[in-house]
Amino acid sequence: MQAAIGAVHDEAARADDTDWPQILALYELLKRMSDNPMVALSHAIAAAMVHGATKGLELLDIIKADTRLANHHRLDAVRAHLLELAGDHEGAVTHYRAAAGKTGSLPERNYLLTQAARLSSELKLATD
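Rules of the game
- Residues numbered from 1 in each chain as written.
- Predicted model: local features only at pLDDT ≥ 70, side-chain atom pairs only at ≥ 80, totals over all residues.
- Heavy atoms only, no water.
- Helix = DSSP H or I, 4+ residues; strand = E, 2+ residues; numbered from the N terminus.
- Buried < 20%, exposed > 50% of the residue type's maximum accessible area, 1.4 Å probe, protein only.
- Polar contact = N/O pair within 3.5 Å; in protein donor to acceptor, adjacent residues only side chain to side chain.
- Contact = heavy atoms within 4.5 Å.

### Topic: the side chain of Glu-84
Then comes step 1: With respect to the element layout, Glu-84 can be found in helix H5 (residues 73-86).
Then comes step 2: For Glu-84, a relative accessible area of 17% gives the class buried.
Then comes step 3: Among the polar contacts made by the side chain of Glu-84, one reaches the side chain of Tyr-96 at a distance of 2.8 Å.
Then comes step 4: What Glu-84 contacts, discounting residues up to four positions off in sequence, is His-89, Ala-92, Tyr-96, Arg-118 and Leu-119.

Right, dumping it as structure tokens:
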């Protein structure tokens, strides 16, 4: 199932060309087969890409209670991205920074802090 998801991603020449409805359907099947919090997180992303950021955020609210995921940086990183898509840039900055503080990966931390800085700069420009 994961290979099929990877293949659908690989078929897209650009991220915008990704067949998100097909990926969402595959994640729904995978969720039935596996009680894995990362699968649930990926499912929330796919749902957001098909049905909008609000739907993804609703699904994140459901899975945030899973203790296996509660303190994982990816939960905050995904929430930040979806908040950004939804237009809540202040919330996104908060969660990008929270994710950066939780990851042990320097490249991931740098990326997340760069995203937070980018949105902070945009917010500052909008208020000037």
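### A word on the environment of Leu-41
Then comes step 1: Tracing the sequence through the fold places Leu-41 in helix H3 (residues 37-51).
Then comes step 2: A residue is classified by how much of its surface remains accessible, and Leu-41, at 4% relative accessible area, is buried.
Then comes step 3: Measuring from C-alpha to C-alpha, the distance between Leu-41 and Lys-64 comes to 9.3 Å, with 23 residues separating the pair along the chain.

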